[in-house]
Amino acid sequence: MFVKDTLQQSPLEILKKYYGYDHFRKNQEEIISSLLNNQDTLCIMPTGGGKSVCYQIPAILFQGITIVISPLISLMKDQVDTLTSNGIPAVFINSTLSQIEQDDIMNDLKQGVYKLVYISPERLESITFVKFLKQLPITFIAVDEAHCVSQWGHDFRPSYGKIGNLINQLSPRPVLAAFTATATKEVAEDIKLGLKLHEPQLYISGYERENLAFSVVKTGNKRNYLLDFIQRYKGESGIVYATTRKDVEELQLFLQKNGVQAVTYHGGMSETLRNKNQEKFIYDDEKIIIATNAFGMGIDKSNVRYVLHYQVPKSMEGYYQEAGRAGRDGENSECILLFTSKDVQTQKYLIEQSASVEERKVQEYQKLQSMVDYCHTTKCLQSYIVNYFGGKVNADCGKCSNCKSELEEIDVTVEAQKIFSCVVRMKERFGVTLIAQVLKGSQNKRIKDMRLNELTTYGIMKSKTEKEISELIQLFIAEGYLELTAGQFPTVKITEKAVSVLKNGLKVLQKVKPSKQEVPIQSELFEKLRQLRKEIAEKEMLPPYIIFSDSTLKEMCRYN
Ligand code: ADP
Ligand code: MG
Ligand code: ZN
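The structure presented is a predicted model; accordingly, all values stated were derived computationally and were not measured. (Residues numbered from 1 in each chain as written. Chains lettered and ligands numbered in written order. Predicted model: local features only at pLDDT ≥ 70, side-chain atom pairs only at ≥ 80, totals over all residues.)

### As for the overall build of the protein chain
No. 1: In terms of regular secondary structure, the protein chain is built from 24 helices and 17 strands.
No. 2: Along the three orthogonal principal directions, the C-alpha set of the protein chain runs to about 105 × 55 × 45 Å.
No. 3: Across the protein chain, contacts joining residues at least 24 apart in sequence account for 73% of those joining residues at least 6 apart. (Helix = DSSP H or I, 4+ residues; strand = E, 2+ residues; numbered from the N terminus. Contact = placed C-beta atoms within 7 Å.)

### Digging into the packing of helix H14 (residues 341-353) against helix H15 (residues 358-376)
No. 1: Contact geometry of H14 with H15 gives a least axis separation of 10 Å together with a crossing angle of 165°. Put simply, H14 runs roughly antiparallel to H15. Pair H14 / H15 crosses with right-handed handedness. Across from Val344, Gln347, Lys348 and Ile351 in H14, the residues of H15 making contact are Lys361, Glu364, Tyr365, Leu368 and Val372.
No. 2: In terms of residue class, the contact of H14 with H15 is made up of five nonpolar, one polar and three charged. (Axes fitted to C-alpha atoms, helices over the stretch in contact; angles between N-to-C directions. Parallel < 35°, antiparallel > 145°, perpendicular 65-115°, else oblique. Left-handed = near helix turned anticlockwise from the far one by under 90°. Nonpolar A, V, L, I, M, F, W, Y, C, P; charged D, E, K, R; others polar.)

### Structural notes on the sheet that holds strand S12 (residues 304-309)
No. 1: A sheet is described by the order of its strands in space; here six strands give the open sequence S8-S13-S12-S9-S11-S10, paired in parallel fashion. Either end of the sheet is taken by a strand with one partner, and the two such strands are strand S8 (212-217) and strand S10 (263-265). The sheet shows a mean angle of 15° between the axes of neighbouring strands, direction not considered.
No. 2: Bridge count for strand S9 (residues 237-241) against S12 is five bridges, and the pairing is parallel. The partner of glycine 238 across the bridge, within S12, is tyrosine 306. (Pairing = 2+ DSSP bridges.)

### Things to note about the site of ligand 1
No. 1: Taken together, 16 residues lie near ligand 1, and Tyr21, Gly50, Lys51, Ser52 and Asp300 sit nearest.
No. 2: Here the residues of the shell around ligand 1 sort into four nonpolar, eight polar and four charged. (Near = placed C-beta within 6 Å.)

### Re unusual backbone geometry
Apart from glycine, the bulk of residues carry a negative phi angle, and the bulk of peptide bonds sit in the trans form.
No. 1: Serine 171 connects to proline 172 through a cis peptide bond whose omega is 0°.
No. 2: Structurally, proline 172 can be placed in the loop between helix H8 (162-169) and strand S6 (175-180).
No. 3: For lysine 427, which is not glycine, the phi dihedral falls at a positive 60°.
No. 4: Tracing the backbone through its elements, the reader meets lysine 427 in the loop between helix H18 (413-425) and helix H19 (432-440).
No. 5: Residue classification places lysine 427 among the exposed residues on the basis of 8 C-beta atoms within 10 Å. (Buried ≥ 20, exposed ≤ 12 C-beta atoms within 10 Å, placed from the backbone.)

### Brief notes about the packing of H18 against H19
No. 1: Two elements in contact, H18 and H19, have axes whose closest approach is 10 Å; the angle formed by their N-to-C orientations is 115°. Judged on the interaxial angle alone, H19 and H18 are roughly perpendicular. At the point where H18 passes H19, the crossing takes the right-handed sense. Note on element contacts: H19 touches H18 through Ile435, Val438 and Leu439, opposite Lys418, Ile419, Cys422 and Val423.
No. 2: In the contact of H18 with H19, the residues fall into six nonpolar, no polar and one charged.

### Structural notes on the pairing of strand S5 (residues 138-143)
No. 1: Within S5, six of the six residues are buried, leaving the element largely enclosed by the surrounding structure.
No. 2: Summarising the sheet, strand S2 (residues 65-69) and S5 pair through five bridges and their orientation is parallel. Pairing of isoleucine 69 across the sheet is with valine 143, part of S5.
No. 3: In the sheet, S5 pairs with S6 via four bridges, with the strands oriented parallel. If you follow isoleucine 141 over to S6, its bridge partner there is leucine 176.

### Describing the environment of threonine 292
No. 1: With respect to the helices, strands and loops of the structure, threonine 292 is situated in the loop between strand S11 (288-291) and S12.
No. 2: As for threonine 292 and serine 34, which are separated by 258 residues in sequence, their C-alpha atoms are 37 Å apart.
No. 3: What threonine 292 contacts, discounting residues up to four positions off in sequence, is Ala242, Thr243, Thr244, Arg245, Val248, His266 and Gly267.

### Overview of the nonpolar core
No. 1: If you look at the biggest cluster of nonpolar residues, it comprises 59 residues, and the most contacted ones within it are Val143, Ala177 and Ala178.
No. 2: The leading source of residues in this core is helix H4 (residues 52-61), at seven residues.
No. 3: Dropping the residues within four chain positions of it, alanine 178 is found in contact with Leu42, Cys43, Val143, Ala146, Ile191, Leu195 and Leu197.
No. 4: In this structure, Leu226, Leu251, Val304 and Met316 belong to the second largest nonpolar core, which totals 53 residues. (Core = buried A, V, L, I, M, F, W, Y, C linked by C-beta atoms within 7 Å.)

### What about helix H3 (residues 28-36)?
No. 1: Burial in H3 covers these residues: Gln28, Ile31, Ile32, Ser34 and Leu35. Projection of H3 onto a plane perpendicular to its axis shows the buried side chains occupying an angular sector of 160°, all on one side.
No. 2: Along its buried surface, H3 packs onto helix H2 (11-19), strand S1 (41-44), H4, S5, S6 and strand S7 (201-204).
No. 3: Looking one or two places after H3, you find asparagine 38, whose phi comes out positive at around 65°. (Arc of directions from axis to C-beta.)

### Brief notes about the environment of glutamine 63
No. 1: Here glutamine 63 shows up in the loop between H4 and S2.
No. 2: Along the sequence, glutamine 63 and lysine 115 sit 52 residues apart, while their C-alpha atoms lie 8.4 Å from each other.

### Notes on the sheet that holds S1
No. 1: The strand order across the open sheet formed by seven strands is S3-S4-S2-S5-S6-S1-S7, and the pairing between neighbours is parallel. Each end of this open sheet is capped by a strand with a single partner; those strands are strand S3 (90-93) and S7. Neighbouring strand axes in the sheet, compared pairwise and without regard to direction, differ in orientation by 20° on average.
No. 2: Of the pairings in the sheet, the one linking S2 to strand S4 (residues 116-119) comprises four bridges and is parallel in character. Within the sheet, the bridge partner assigned to isoleucine 67 lies in S4 and is valine 117.
No. 3: The strands touched by helix H5 (residues 73-85) are S3 and S4; relative to S3, the strand with the most contacts, the crossing angle is about 160°.

### Describing the pairing of S6
No. 1: Counting buried residues along S6, six of its six residues qualify, which places the element largely inside the surrounding structure.
No. 2: Of the two faces of S6, the one lined by Val175, Ala177 and Phe179 and the one lined by Leu176, Ala178 and Thr180 are each fully buried.
No. 3: When S1 meets S6, the two strands line up parallel, connected through four bridges. Looking at the pairing, leucine 42 lines up with alanine 178 of S6.

### Section: helix H11 (residues 245-257)
No. 1: Over its 13 residues, H11 extends 19 Å from the first C-alpha to the last, a length consistent with the 18 Å expected when each residue adds 1.5 Å.
No. 2: The set of residues buried in H11 consists of Val248, Leu251 and Gln252. Projected down its long axis, H11 carries its buried residues within an arc of 100°, all on one side. For H11, the exposed residues lying more than 90 degrees away from the buried face are Lys246, Leu253 and Lys257.
No. 3: As for H11, its buried residues are in contact with S9, S10 and S11.
No. 4: Two residues or fewer past H11, glycine 259 is found with a positive phi of approximately 80°. (Expected span 1.5 Å × (residues − 1).)

Keep in mind these numbers describe shape, not what the thing actually does.
Here it is in C-alpha cells:
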C-alpha cells in the first residue's frame, strides 16, 4: 500500500522515486524539513523555482491528509494529473465536478484514499464544506500563490482571508505553509497576518534568474519589432502579453496577416475556449499565445523561450511573475518589454477608471512608477529587479539590454543641476513635459500664459531636444534624484540626492545615449580646408598618412 512503504523514506528518496530528479534545488530540502518539523513556513521562491515539490513531498510523508489551496481550476487539474501519473493519490474538488462526483470524492477522503486534496479558497466560504473538512485528519495545509491574501498584492482574492479562520477551527492545528513567487516586505507581512501563520520559518530564494536575459526596447514600430522577434524564434514557444483584450485580438490578427499563427487568452473569452487555447499552448500544439495578464498563474510549461510584453505592465510584481514564465527548464530565454510613454498613460487611465479607493490608487501609481523606472534605468535590469524585491546582488548580470549596451558613462552634473534648479524654480508644481519645455525655451502658449518664460532657467538647455531633456528627467527619476507624486498628473519633486547635487556639488555620472543631434559644420570653412588638402596632396607637401579624411575635416569645422 502507498502509505506504509513511503512514510519511512527520506525526502530525497521520494524526490527520486516519484519525480525522477536527483537533487534538490536551492532551499527545497530546508523548506521540506521545516514543515516535517511541524513549523509554519513562508516560502518565497521565483516562478519556476520548484515550489510544488516543497509541499507535495511533506504531504506524501505526513500521516493524514494535506489540503492545497490553489487559486485556479486549470492549475489544480494540471497538478493532480501530474501527481496521479507519478503514482501519488491526489484529487481536486471544484465546480467542474458534478455533485455526485464531489460526494464520491468526499467519501473516499473519509476512507483515507487520498493524500492530497486541492480546493479553491472560495470553497471555504461554504459552511457545510468546512464542516466536512473538520471531520478529516488534516495534518497540513499548503497555500499556493499566497500573495493573493494581500490587498496590496497584484492578485487580491478576498476568499484567501477565510483560510486563517479554517485553521482556527481545526484541532489539532495543522501545519501551515505559504508559497509565493513575488513578495515585497509588505506583502510578506500581509501573508503572515492574513493567514495567521505561527512564528513562520522564512525561506527566501534569490530573486535572480540567471538564464533570463531582460531587455527594454524603445522602438517607434512595435508591430514590426514583434514580427521580427517572433520570426527569429520560429518553432519555439513564447508568450506575448498585452494590456487589454482588444490589444490581444488585434495583435493576433496582425500576426495572422503576416503568416504567423497564435492563440489568444483573455477574460472576455468563454472558459471553454480559454482552456482549449491554454492546453494547445502547454502541449506544444501552438507555439505562441497572446494574452492579457489573466493568463499564466501557476502554469508549468518548461520550454517557454521568450516572454514579450507588448506594453508596460502595471507593476514590477506582475511583470516579474509573467516574465518569469520563460525558461523554467533553465535554458537561456529572453524577457522583452516594449516601452512607450503612451502605454504608461493607458495604465494611468486604467488606475483612474478603477473602482479602487483613493489610498489604493496612490499605491497603484507608485507601483506603476517603479515599473516605469525599470524602463528608464541605465543600470543592470536584473539587479534592478532583485533590489526592488529587497534582495542583494553580487554583480551585474552581463546579459540584459543595459549590461550589453554600449552607452558610456559620462559626467552629467551640469545638466542635472540645470534640471534640478528648474524644478525648484517651478516650485515642484509641474510635470515632466512642462519642465522639459521650460528648459528647452519652448514658445508654447501655456508657458507664456503662466509666465514660465520669465524664469531664469527658461531656455538654458536650448541645445538639446525636448525629448532628450524629458529622457534625462525620466532617468533622474529612475535613479532617485527626482520623484513623481502619485496621481494621474504627477508633478516632479526634488529628493535629498538632488539637493546634494545642488548644494554640495555631488557629481552625477550616468550612462546616457550620446546626443544624436549633430552640431552643424561651417560649410565655407570645410570647403576651404578641402581645397587646401587637395593642394597639399598635389604638391606632395606632406606624407599621405597625414592627409586628413573628410570626417576629420568635418570635426574641425563644427561650431563651438
Ligand atoms: P513554481 O511553482 O515555483 O513556479 P514548479 O513547482 O511548477 O515551480 O516547478 C517548476 C519546474 O521545476 C517543474 O517542471 C518541476 O518539475 C521542476 N523541478 C522542481 N524541483 C526540481 C528539482 N529538484 N530538480 C529538477 N527539476 C525540478
Ligand atoms: Mg507554482
Ligand atoms: Zn544586466
